[in-house]
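# Survey of secondary and tertiary structure
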Amino acid sequence: MQPCYFDHNATTPVDPRVVEAMLPHFGQVYGNASSLHRFGQEARKGVERARRQIAARLGCSARDIVFTSGGTEADNLAVFGTVRGAQRRSRHVITSQIEHPAVLNACERLEAEGVDVTYLPAGSDGLVSPDDVRAALRPDTVLVTIMHANNELGTLQPVREISRIAREAGIPLHSDGVQSFGKVATRVKDLGVDMFSLSAHKIYGPKGVGALYIRRGLQVEKVQYGGSHERDRRPGTENVPGIVGLGAAAELAGADLDSEADRVGRLRDRMEDGILARIGSAHVHARTSPRLPTTSSVRFDHVESEPLLISLDLSGYAVSSGSACSSGAVEPSHVLSAIGLSRLEAKSTLRFSLGRATDSDQVDSLLRTLPGIVERLRALSPAWEGAA
């Protein structure tokens, strides 16, 4: 049996069509995109084409797109660039406890610089309350940053409602869209966001390239210094092959967005129904909440996720115990802790994330294999013997 990949939220395989688009820019189109001669301008064409392809998916002007080295840099540019650029004596940021570390660690750094940060809770449904955002606003609030889709639970946050609250208060809103872009609709005007982060390797593009949408007129201070690339917003020679790959991946994702979301969502539901029917004391987190069609967070009581993950890997199934950025961490997932899970419950949870290559045969194969593994590991657990 071919290995079955259920970890698309961590990264996706590069689409062959994306590779094909990138290949010329590793060889014959080798100019520096900032050079004025024909070699440079040929490279520049690829960069600007990609900018238009991404803008088409976001429903914005190509001039509003800044290329970065990935989602983390895009988040950092939005958070640091907005807060450090605010000309106020006291500064306050609102975020949530379930953000990606790219946002949380940036906020922790800002706290070390004297910035106040409010970390809003999420309910057991995996959602941040817009009312909590409103209640947290202060006269010195300079940024609200709430992700669009959570990378572990898949929950889609009420960004539209939050954007209305932030707009009424005159506060810019940044949303980490790394997991949602290319999977669900992400037109920035519909969402009401002022900044939106995305990354190529989550949508079948290359690793090491991403982008940040910045609403026209919003002042964001650059956080790196060098040349005046990207309209003086992000210095550094452009990663032309990567940028071209991001543009191609964005265009491909938009071509079948709705149909693919429907197909994968039905497979996810089939998988979850099968797990709950076959395995006792299994729980799907935030199942009734708005979620990405790709993502399922499942708890298997009295089974630790690490041996379960390893056993599945040995059987040919790649899954995750949470965020890939936290793999190897001793502490339980901060997201699962934030929605009220105990330490043991959090460490009994796996994330299954489906993608383009996932089909019904793979889901059915997983459903045939997983119950036996859970049963075997529970038989070795003293806690399960006492609970059974």
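Whatever comes next refers back to the structure up there.
Residues numbered from 1 in each chain as written. Predicted model: local features only at pLDDT ≥ 70, side-chain atom pairs only at ≥ 80, totals over all residues. Heavy atoms only, no water.

Summed over the entire model, instances satisfying the criterion amount to 26 salt bridges. With a shortest N-O distance of 2.7 Å, Arg 234 and Glu 73 are connected by a salt bridge. With a gap of 161 residues between them, Arg 234 in the loop between helix 8 (229–232) and helix 9 (240–255) and Glu 73 in helix 3 (residues 71–85) connect regions that are remote in the sequence. On the basis of relative accessibility, which here comes to 15%, the residue Arg 234 falls in the buried class. The shortest N-O distance in the salt bridge between Arg 84 and Glu 113 comes to 2.6 Å. Taken together, the positions of Arg 84 in helix 3 and Glu 113 in the loop between helix 4 (101–112) and strand 4 (116–120) put the pair 29 residues apart, joining distant regions of the chain. (Salt bridge = Lys/Arg side-chain N within 4 Å of Asp/Glu carboxyl O. Helix = DSSP H or I, 4+ residues; strand = E, 2+ residues; numbered from the N terminus. Buried < 20%, exposed > 50% of the residue type's maximum accessible area, 1.4 Å probe, protein only.)

Attention shifts here to the nonpolar core. Within soluble globular proteins, side chains that are nonpolar generally end up buried alongside one another. Residues Ile 54, Leu 58, Ile 65, Phe 67 and Leu 246 are the most contacted members of the largest nonpolar core, which totals 54 residues. Ranked by residue count, the leading element in this core is helix 9, at seven residues. Setting aside chain neighbours within four positions, we find Leu 246 in contact with Ile 54, Phe 67, Leu 198, Ser 199, Ala 200, Ile 203, Pro 206, Val 209, Gly 210 and Ala 211. Counting 26 residues, the second-largest nonpolar core is a separate cluster that includes Leu 267, Tyr 317, Val 319 and Val 374. (Core = buried A, V, L, I, M, F, W, Y, C linked by side-chain atoms within 4.5 Å. Contact = heavy atoms within 4.5 Å.)

The subject of this paragraph is empty space enclosed by the protein. Inspection of every chain in the model, using the stated rule, returns two cavities of 30 Å³ or more. Looking at the largest cavity, its volume works out to about 210 Å³. Contributing to the lining of the largest cavity are 19 residues, with Gly 182, Lys 183, Tyr 204, Glu 260 and Thr 294 lying nearest its centre. For the lining of the largest cavity, the class distribution of residues is eight nonpolar, six polar and five charged. (1 Å grid on protein atoms, 1.4 Å probe; cavity = no way out; pocket = protein on both sides within 12 Å on 5 of 7 lines; lining within 4 Å. Points joined across faces, edges and corners; volume = space filled by probe spheres on them. Nonpolar A, V, L, I, M, F, W, Y, C, P; charged D, E, K, R; others polar.)

As a further point, take the environment of Asp 64. With respect to the helices and strands, Asp 64 occurs in the loop between helix 2 (38–58) and strand 2 (65–68). Take Asp 64: its relative accessible area is 7%, and that puts it in the buried class. If near-sequence neighbours (up to four positions away) are discounted, Asp 64 is found in contact with Leu 212, Tyr 213, Ile 214, Arg 216 and Arg 233.

Moving on, we come to the layout of surface pockets. Rolled over the atoms, a probe with the dimensions of a water molecule shows which regions are left empty. The space that makes up the second largest pocket amounts to roughly 320 Å³. What lines the second largest pocket is a set of 23 residues, and nearest its centre among them are Arg 167, Gly 192, Val 193, Asp 194 and Arg 215. Secondary structure elements with two or more residues in the lining of the second largest pocket: strand 5 (141–145), helix 6 (159–169) and helix 7 (188–191). No other element matches the three residues that helix 6 contributes to the lining of the second largest pocket. Of the residues in the lining of the second largest pocket, the class split is 10 nonpolar, six polar and seven charged.

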